[in-house]
Amino acid sequence: MEIFYAIVLLVVATIAANLVYPLFPAIPQAFYQIFAGAILSIVPYFHHFGLEPEVFMLIIIAPLMFYDGQNTDTHSLRRHIPSVVSMAITLAILTVILLGYLSHSVLPALPLALAFALAAIVTPTDAVAVSSITRNLTVPKKVMGMLERESLFNDASGLVAFNLALAAFSTGKFSVRFGITHFLVVFLGGLLIGLILGGILTWGRVTMVQNGMDSVSIIVPYDILTPFFIYLVAEHFKLSGILAVVAAGLLRSTAATQIRLSSTQMQLVTRSTWQIMTSLLNGFVFVLLGVSLPTVWQNIMADHTKSLPLYILLAVILYVVMFLLRYLWIHFDWARIHSQAKNRRHYGIVGALSGIHGTITLAMAFSLPLTLNGQPFPFRNTLIFIAAVVIIISLLVPAIVLPLILPSAEKAVDPAMVNHERQALVAYAAKRLIQEQTANPPATQAVVEILTSQSNTRLPNRRKVTEIMTNANNLEIQIIQKLADSGDLPAAYVNRYIRGLVWKMRRDNHFSLTGLSTWLKLVFHRLVRHGRRDLRKARRNLSHEQRQAMQDQRQRDRSGIWGAYRTMEQAGYTAVMAYLADLSDVDNQSDVNVSATFTTCDTAAWTARRLINWKTSSSFKPSNMSTTTSTHAALPRPFQRPVPTNFTNRLPPTRCFTCRPSQPLTRKFVPRTNIRQLFQKI
């Protein structure tokens, strides 16, 4: 259970950091995640939290590298192979060698092999972190493309060099010839086994799709398990598991055309699953940094060392040297990006500042062994601390400098204008549908609601909804009153219907005790009925013909009532929908849509029906209804409390929640064929 709680807390910390980031996007997201991890370190379980290095590389690094590989443009990669070799291999190896000797000279107590391990840790760059910092900036395309291709392969170069350095420190032996040979075997062998396994697994996926076995429950787990399987097989043969998953991801990218033969739903689910998983894994790494920093700090301070300023100085020196190396490499076009001479200085500064160290650097630092020959691994806390300082510096400097030297990103089209035009199109289509498609109002309104819900991003204005609802209900009462004045319907029926309408309005909008009082009346009525024993005895004494006559009369009364109420419902619905169609425009679509939802699921008729049912269940006759009460006296008062904007979320899609199955209201079941035909007309 402790592991479960730890994972849940890490997920919560990552989500909390991601929630805060949009509020203050000027600060890099990684800092929020580190801060969330630092807060999480207060929990006793995380005081000495540690993750096995092998598990860390398998669970976090393997899927991240596979995802980066399958999202890489392989055509662009083939065109820029010289640039990839120059930045990801040549520059990476040169950086490791130079920084290794420099670290050993600044910190003589640090063994040379561990100095090379530290250099390998801080060498890889993180293109995702660069994208998060330059989200609102215009980065030169050549520089950004170079960074993305470099981060894909220099991670593998750094990992191979890191493993070589650890092996040399563990065995105490190192040969240049052996090191070069081992590097080539691990590097090329990892690529080869990744291509073989990736080809087999990709072929299997394409075959399943072609044979119709593209179920979400099959393909999504298959894709998620692919990088773990390839990584474990490559590591079993002592090859680079990271390069293997990168090669498999690149092969998956080349087969994207065949993979897209799967259904749209499958593609959306797969893409969403990978995005969620990689976002969480990236966040986990920085949250773990925040969790581990207090422990690392305590361990360093427990050693009573006075070298803490020296550690920070070494981290600053490493960052400055890497900045200069990258600047010179790009300025003299050794990066092979074919930039013009006038742009090389600018490209060099941007490319050097964009050499941000993030996920892979931190992952390699955490992957340092916990023990060596049964003893705590020497300088482990020191290496993690220096790597953390380098990461923080590499995030801070570009976050401050890049906005000063790069122009803001210019959007081709104003998003507000696009949204306005989209809403105008939807409003026009909805208005035409309501005006022309009058044969099937439920289907028409269903299509209108779907369109408006997909186009509107603004929440309804409660005051405007209140005003629209007031006008709509007054209009409905006026239309129904005209039916009574013209003699088309009995005034008693109209009066009872309007009373039910007013009752419903007060219940929904005033939050009064109307519903409670009606319920108490119903209970009292039932109790009175059950208490009238004399009446029940009298009914038992009636003959069969008399009972049948009473039932026939009651059925005729109810048939007349239902017919009258259906007429009132249809007349009120038609008038209100016409009013809402004329009122609707681009600015009030959300408000009108909420009001239309109330209208299409009106419960006034149901309320009045229930009231009449109570009467007709006894000796009620339509002629006995009082017609002296003026229906205008039942006009609703102006709303004093706003309509709840979340009411539409509580409405069912096809039937009013208070309707009986045998008595459907205006909002009936809408066949999908009707909705599909209306969409085709749009």
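Scroll up to find the structure this text is about.
Note that this is a predicted model, so its numbers are computed, not measured.

Participant: Mind showing me how you'd approach the overall build of the chain here?
Facilitator: For the chain, the count of helices and strands is 27 helices and two strands. A buried classification covers 49% of the 682 residues belonging to the chain. Within the chain, counting contacts between residues at least 6 apart in sequence, those at least 24 apart form 81% of the total. Surface summary for the chain: the accessible area is close to 34600 Å², and the carbon and sulfur share equals 62%.

Participant: Sorry if this is basic, but what is going on with the environment of Ile300 here?
Facilitator: Along the chain, Ile300 falls in helix H13 (residues 264-302). Ile300 gets classed as buried once you look at its relative accessible area, which sits at 3%. Sequence separation of Ile300 and Phe385 is 85 residues, and the distance between their C-alpha atoms is 8.9 Å.

Participant: What am I meant to see in the packing of aromatic side chains here?
Facilitator: Evaluated as defined, the whole model comprises eight aromatic pairs. The rings of Phe66, Tyr67 and Trp274 are connected pair by pair, giving a single aromatic cluster.

Participant: Help me understand the layout of surface pockets in this model?
Facilitator: Using a probe with the size of a water molecule, rolled over the atoms, empty space left in the structure can be pinpointed. Each pocket or cavity is described by its volume, and for the largest pocket that value is around 1000 Å³. What lines the largest pocket is a set of 38 residues, among which Asp68, Asp126, Ala127, Val128 and Ser131 lie closest to the centre. Elements that contribute at least two residues to the lining of the largest pocket include exactly helix H2 (29-40), helix H3 (53-70), helix H4 (74-79), helix H7 (127-133), helix H8 (141-171), H13 and helix H16 (359-366). Reported here for the second largest pocket is a volume of approximately 810 Å³.

Participant: Which parts of the structure should I look at to understand the packing of helix H1 (residues 2-20) against H2?
Facilitator: A pair of packed helices is characterised by two quantities: the angle between their axes and the separation of those axes. Contact geometry for H1 and H2: axes closest at 9 Å, N-to-C directions at 140 degrees. In terms of orientation, H1 lies oblique with respect to H2. Crossing hand, H1 versus H2: right-handed. Judged by residue contacts, Leu9, Leu10, Ala13, Ala17, Asn18 and Val20 of H1 engage Gln29, Tyr32, Gln33, Ala36 and Leu40 from H2. Partitioned by chemical class, the residues of the contact of H1 with H2 number eight nonpolar, three polar and no charged.

Participant: Sorry, what's going on with the pattern of salt bridges here?
Facilitator: Side-chain pairing between opposite charges can occur once the charged atoms of the two side chains come close. In this structure the tally under the stated criterion is four salt bridges. A salt bridge links Asp223 to Arg205; the shortest N-O distance between them is 2.9 Å. One end of the pair, Asp223, is in helix H10 (residues 216-236); the other, Arg205, is in helix H9 (residues 176-210), with 18 residues separating them in the sequence. Across the pair Asp333 and Arg344 runs a salt bridge whose closest N-O atoms are separated by 3.7 Å. One end of the pair, Asp333, is in the loop between helix H14 (308-331) and helix H15 (344-353); the other, Arg344, is in helix H15, and 11 residues separate them in sequence. On the accessibility criterion, Asp333 (14% relative accessible area) is buried. Taking relative accessible area as the criterion, Arg344 reaches 25% and is therefore assigned partly exposed. One salt-bridge network, held together by shared partners, links Arg205, Asp223 and Arg252.

Participant: Just checking my understanding: could you explain H2 for this structure?
Facilitator: What sets the pattern is the α-helix's 3.6 residues per turn: residues three or four places apart point alike. Along its 12 residues, H2 runs 17 Å from first to last C-alpha, staying within 8% of the 16 Å computed at 1.5 Å per residue. Looking at H2, one finds that the buried residues are Ala30, Phe31, Tyr32, Gln33, Ile34, Ala36, Gly37 and Leu40. As for H2, its buried residues are in contact with H1, H13 and helix H17 (380-405).

Participant: Sorry if this is basic, but what is going on with the side chain of His357 here?
Facilitator: Tracing the sequence through the fold places His357 in the loop between H15 and H16. Residue classification places His357 among the buried residues on the basis of a relative accessible area of 3%. One polar contact links the side chain of His357 to the main-chain carbonyl oxygen of Pro124, over a distance of 2.7 Å.

Participant: Please explain unusual backbone geometry as it appears in this structure.
Facilitator: Most peptide bonds take the trans configuration, and most residues that are not glycine carry a negative phi. Even without a glycine there, the phi angle at Lys238 is positive, about 60 degrees. With relative accessibility at 67%, the residue Lys238 sits in the exposed group. In this structure, His338 is a non-glycine residue whose phi angle is positive, near 55 degrees. The exposure class assigned to His338 is exposed, which follows from its relative accessible area of 54%.

Analysis parameters
Residues numbered from 1 in each chain as written. Predicted model: local features only at pLDDT ≥ 70, side-chain atom pairs only at ≥ 80, totals over all residues. Heavy atoms only, no water. Helix = DSSP H or I, 4+ residues; strand = E, 2+ residues; numbered from the N terminus. Buried < 20%, exposed > 50% of the residue type's maximum accessible area, 1.4 Å probe, protein only. Contact = heavy atoms within 4.5 Å. Areas by Shrake-Rupley, 256 points an atom, 1.4 Å probe, with all protein chains shown as cover. Phe/Tyr/Trp six-rings, centres within 6.5 Å; stacked < 30°, edge-to-face > 60°. 1 Å grid on protein atoms, 1.4 Å probe; cavity = no way out; pocket = protein on both sides within 12 Å on 5 of 7 lines; lining within 4 Å. Points joined across faces, edges and corners; volume = space filled by probe spheres on them. Axes fitted to C-alpha atoms, helices over the stretch in contact; angles between N-to-C directions. Parallel < 35°, antiparallel > 145°, perpendicular 65-115°, else oblique. Left-handed = near helix turned anticlockwise from the far one by under 90°. Nonpolar A, V, L, I, M, F, W, Y, C, P; charged D, E, K, R; others polar. Salt bridge = Lys/Arg side-chain N within 4 Å of Asp/Glu carboxyl O. Expected span 1.5 Å × (residues − 1). Polar contact = N/O pair within 3.5 Å; in protein donor to acceptor, adjacent residues only side chain to side chain.

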